[in-house]
Amino acid sequence: YSVSLSMDSKRTQIVNLDDPDLKPRRWDHLLKPRLRAPEDISIYELHVRDFSMHDDTVPEAVRGTFKAFSMPQTQGSRHLRQLSRAGLSHVHLLPAFDCATIPEDRSTHLTPGDLSGYAPNGTEQQAAIDAIRDQDGFNWCYDPFHYTAPEGSYSTDPDGPARILEFRQMVSGLNRSGLRVIMDVVYNHT
């Protein structure tokens, strides 16, 4: 039942979710985008890390994090607003709560480098990915650990309550874009 964790889920941290320091501006008055009827729901599934990991309009230190969703001028945020105007009503996030096997210290994540030099139908690209598998921070998090604490590797500071504030900023940013948020909690994967 932890809501805040130290890096890599080593310790539960006691926090007050009503603390103003853990609330984005206007959090207590956040308005969900209007939904006339359930049959109007249109859902787009997306992964927190993949949303901005390779978006050059997002500052490098924020790529792959919850915080990237709160930056309205990025390419990804503009795209989501366009989808919202076109009728998209909900973003369904792949698991974003604490994952058992993602190393949360982003500075240790490896990268395969530029794969564009390899033939698209060759085996070199896959070999480069395989060489760093489980060390690159990529994981769809279908191995949840703490269902009520945001995943630390999606935070700019995984060692404490920043992940809570940044998660809430993400929800606020998506709501401001006209989108509701659905969480994939994958209880069936335990």
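In this report, we go over the structure that sits alongside the text. (Residues numbered from 1 in each chain as written. Predicted model: local features only at pLDDT ≥ 70, side-chain atom pairs only at ≥ 80, totals over all residues. Heavy atoms only, no water.)

## Notes on the pairing of strand 4 (residues 144-150)
- Burial within strand 4 is extensive, with 5 of its 7 residues counted as buried.
- Judged from the 3 bridges that link them, strand 3 (residues 97-99) and strand 4 form a sheet pairing that is antiparallel. Residue pairing in the sheet places Cys99 in a bridge with Pro144 of strand 4. (Buried < 20%, exposed > 50% of the residue type's maximum accessible area, 1.4 Å probe, protein only. Helix = DSSP H or I, 4+ residues; strand = E, 2+ residues; numbered from the N terminus. Pairing = 2+ DSSP bridges.)

## Observations concerning the state of the cysteines
- A full pass over the atoms with the stated rule returns 1 disulfide.
- The side chain of Cys99 participates in a disulfide bridge whose partner is Cys141; the two sulfur atoms lie 1.6 Å from each other. The sign of the -115° torsion about the S-S bond sets the Cys99-Cys141 disulfide as left-handed. Placement of the pair is Cys99 in strand 3 and Cys141 in the loop between helix 3 (124-132) and strand 4, with a sequence separation of 42 residues. (Disulfide = S-S within 2.5 Å.)

## Focus on the environment of Gly173
- For Gly173, the position within the fold is in helix 4 (residues 162-176).
- In sequence terms Gly173 and Lys67 are 106 residues apart; their C-alpha atoms lie 9.0 Å from each other.

## Quick word on unusual backbone geometry
- In this model, Asp8 sits at a positive phi of 60°, which is unusual for a non-glycine residue.
- Mapped onto the secondary structure, Asp8 falls in the segment before strand 1 (43-46).
- Taking relative accessible area as the criterion, Asp8 reaches 33% and is therefore assigned partly exposed.
- Its identity as a non-glycine residue notwithstanding, Arg26 has a phi of 65°, on the positive side.

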